[in-house]
Amino acid sequence: MKTKKEIRNENFNRLIEEAGSISELARRCGYENPASLYQLRVRLNKQEEGSRGITNTLSAKLESGMGKPRGWMDIPQESTVGSSGTVSGSSVSAIDMSNASGRVVTVTRNTNETQITISLNLDGTGRSRFDTGVPFLEHMLDQIARHSLIDLDISCKGDLHIDDHHTVEDIGITLGQALKQALGDKAGIRRYGHAYVPLDEALSRVVIDLSGRPGLVYNLNFTRAWIGKFDVDLFSEFFHGLVNHSMMTLHIDNLSGYNAHHQAETVFKAFGRALRMAVEHDPRMAGQMPSTKGTLTA
Ligand SMILES: [Mn+2]
């Protein structure tokens, strides 16, 4: 039986992982200076005699900053972070899209390296549920769902005992296949989308053309190689997979930023917003034949 102190310590580490870094956790919980959280972690890791652990005040601050229900810090969580659907605000069970009105698809892709099922609704509300075993990727996929308003449900069993590579790349591929299927003949959509998104010192621009031709221009030079346990090289694999299978033209430019977590987050948020614009129906196009098809009555 774990003590309350041990459970809180474990959940504290879980939140650091979920946020991507201790500075990001501090930022989300409203600390201007992450130093106090760093000191706390050092103290907890040393298991200092007589240390009183995480206070009720801090516990409540962490819960509200990370969108957890009250009392979450005192509940023992699943031992493997990310393997049981750890998305903020969503439940572990799959999102029910069976009665959804809109452009809904489910795509399954199985190889020896990964087994993936993705359901999405282009006309959703931005709900998401992920079970991939890669928490930082899930944090980024969550940005796509939230900012594109596409409902996104992704399950992946990948060869994580090797590394995250196949999982991240293959989720990109399968997401590309699902987008292509859901878009159908693309009649009435805007086709083009663009967005600039800042996050503090970081700024990124993403421009999309649902052209039917794959093309990626990727100007994203990370200031460090790893974000927590996540290898930033994998983002390029993700977007290559996505572009090649959705058949979109995608320009990604990170224009500024020195915090790698912020660099990544601005790219994914901008991608989500640009995607929303590109896939949405243009009301002025509704009911009209695409102009290149000409008239049917002459
Ligand atoms: Mn973040």
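Scroll up a little and you will see the structure.
Note that the structure is a prediction, hence the values are computed from the model and not measured.

## With respect to the environment of asparagine 221
Along the chain, asparagine 221 turns up in the loop between strand 7 (215-219) and strand 8 (226-227). For asparagine 221, a count of 9 C-beta atoms within 10 Å puts it in the exposed group. Sequence separation between asparagine 221 and glutamine 263 is 42 residues; the distance between their C-alpha atoms is 8.8 Å.

## With respect to the sheet that holds strand 10 (residues 249-256)
Read across the sheet, four strands follow the order 5-6-10-7 without closing on themselves; strand pairing throughout is mixed. Two strands close off the open sheet at either side, each with one partner strand: strand 5 (192-199) and strand 7. The average undirected angle you get between the axes of adjacent strands in this sheet is 10°. The sheet contact formed by strand 5 and strand 6 (residues 202-209) spans eight bridges and is antiparallel. Directly across from valine 197, in strand 6, lies its bridge partner serine 204. Lying on the sheet, helix 7 (residues 233-246) is in contact with strand 7 and strand 10; it crosses strand 7 at an angle near 160°. Along the sheet, helix 8 (residues 260-279) makes contact with strand 5, strand 6 and strand 10, crossing strand 5 at roughly 150°.

## Some remarks on the nonpolar core
Counting residues in hydrophobic clusters, the biggest one holds 51 residues, and the most contacted among them are Leu141, Val206, Ile208, Phe271 and Ala274. Looking at this core, the element that brings in the most residues is helix 8, giving ten residues. Excluding residues within four positions of it along the chain, alanine 274 makes contact with Gly193, His194, Ala195, Val206, Val207 and Ile208. If you look at the next biggest cluster of nonpolar residues, it comprises ten residues, including Ala19, Ile22, Leu25 and Leu37.

## What to know about helix 8
Working note: α-helix, 3.6 residues per turn, so residues spaced by three or four point in the same direction. The end-to-end C-alpha distance of helix 8 is 29 Å, a good match for the 28 Å that 20 residues give at a rise of 1.5 Å each. The buried fraction of helix 8 amounts to 19 of the 20 residues, a majority that puts the element mostly inside the structure.

## Thoughts on the packing of helix 6 (residues 165-183) against helix 7
Look at helix 6 against helix 7: their axes get within 7 Å of each other, and the N-to-C directions meet at 25°. Judged by the angle between their axes, helix 6 and helix 7 are roughly parallel. As helix 6 packs across helix 7, the resulting crossing turns out to be right-handed. Of the residues in helix 7, those in contact with His165, Val168, Glu169, Asp170, Ile171, Gly172, Ile173, Leu175, Gly176, Gln177, Leu179 and Lys180 of helix 6 are Leu234, Glu237, Phe238, Phe239, His240, Gly241, Leu242, Val243, Asn244, His245 and Ser246. A class-by-class count of the residues in the contact of helix 6 with helix 7 yields ten nonpolar, nine polar and four charged.

About the cut-offs
- Within every chain, residues take consecutive numbers counted from 1 along the sequence as written.
- A pLDDT threshold of at least 70 governs which residues receive local features in this predicted model, and a stricter bar of 80 or more applies before side-chain atom pairs are shown or counted, although totals over entire chains, interfaces and linings include all residues.
- Secondary structure elements follow DSSP: runs of H or I no shorter than four residues count as helices, runs of E no shorter than two count as strands, and numbering proceeds from the N terminus.
- Working definition of burial: number of other C-beta atoms within 10 Å of the residue's own, with buried at 20 or more, exposed at 12 or fewer, and partly exposed in between, all C-beta atoms being placed from the backbone.
- For two strands to count as paired, DSSP must find a minimum of two bridges between them.
- Axis definition: a line fitted to C-alpha atoms, over the contacting stretch in the case of helices. Angles run 0 to 180 degrees between N-to-C directions.
- The contact criterion used here is simple: two residues whose C-beta atoms, placed from the backbone, lie within 7 Å are in contact.
- For this analysis, nonpolar core means a set of buried Ala, Val, Leu, Ile, Met, Phe, Trp, Tyr and Cys residues linked through C-beta atoms within 7 Å.
- The span one expects for a helix is its residue count, reduced by one, times 1.5 Å.
- Any angle from 65 to 115 degrees is called roughly perpendicular, while one under 35 is roughly parallel, one over 145 is roughly antiparallel, and all others are oblique.
- The sense of a crossing depends on the near helix, which, turned anticlockwise from the far helix by less than a right angle, makes the crossing left-handed and, turned clockwise, makes it right-handed.
- Residue type decides the class: Asp, Glu, Lys and Arg count as charged, Ala, Val, Leu, Ile, Met, Phe, Trp, Tyr, Cys and Pro as nonpolar, and the leftover types, Gly among them, as polar.

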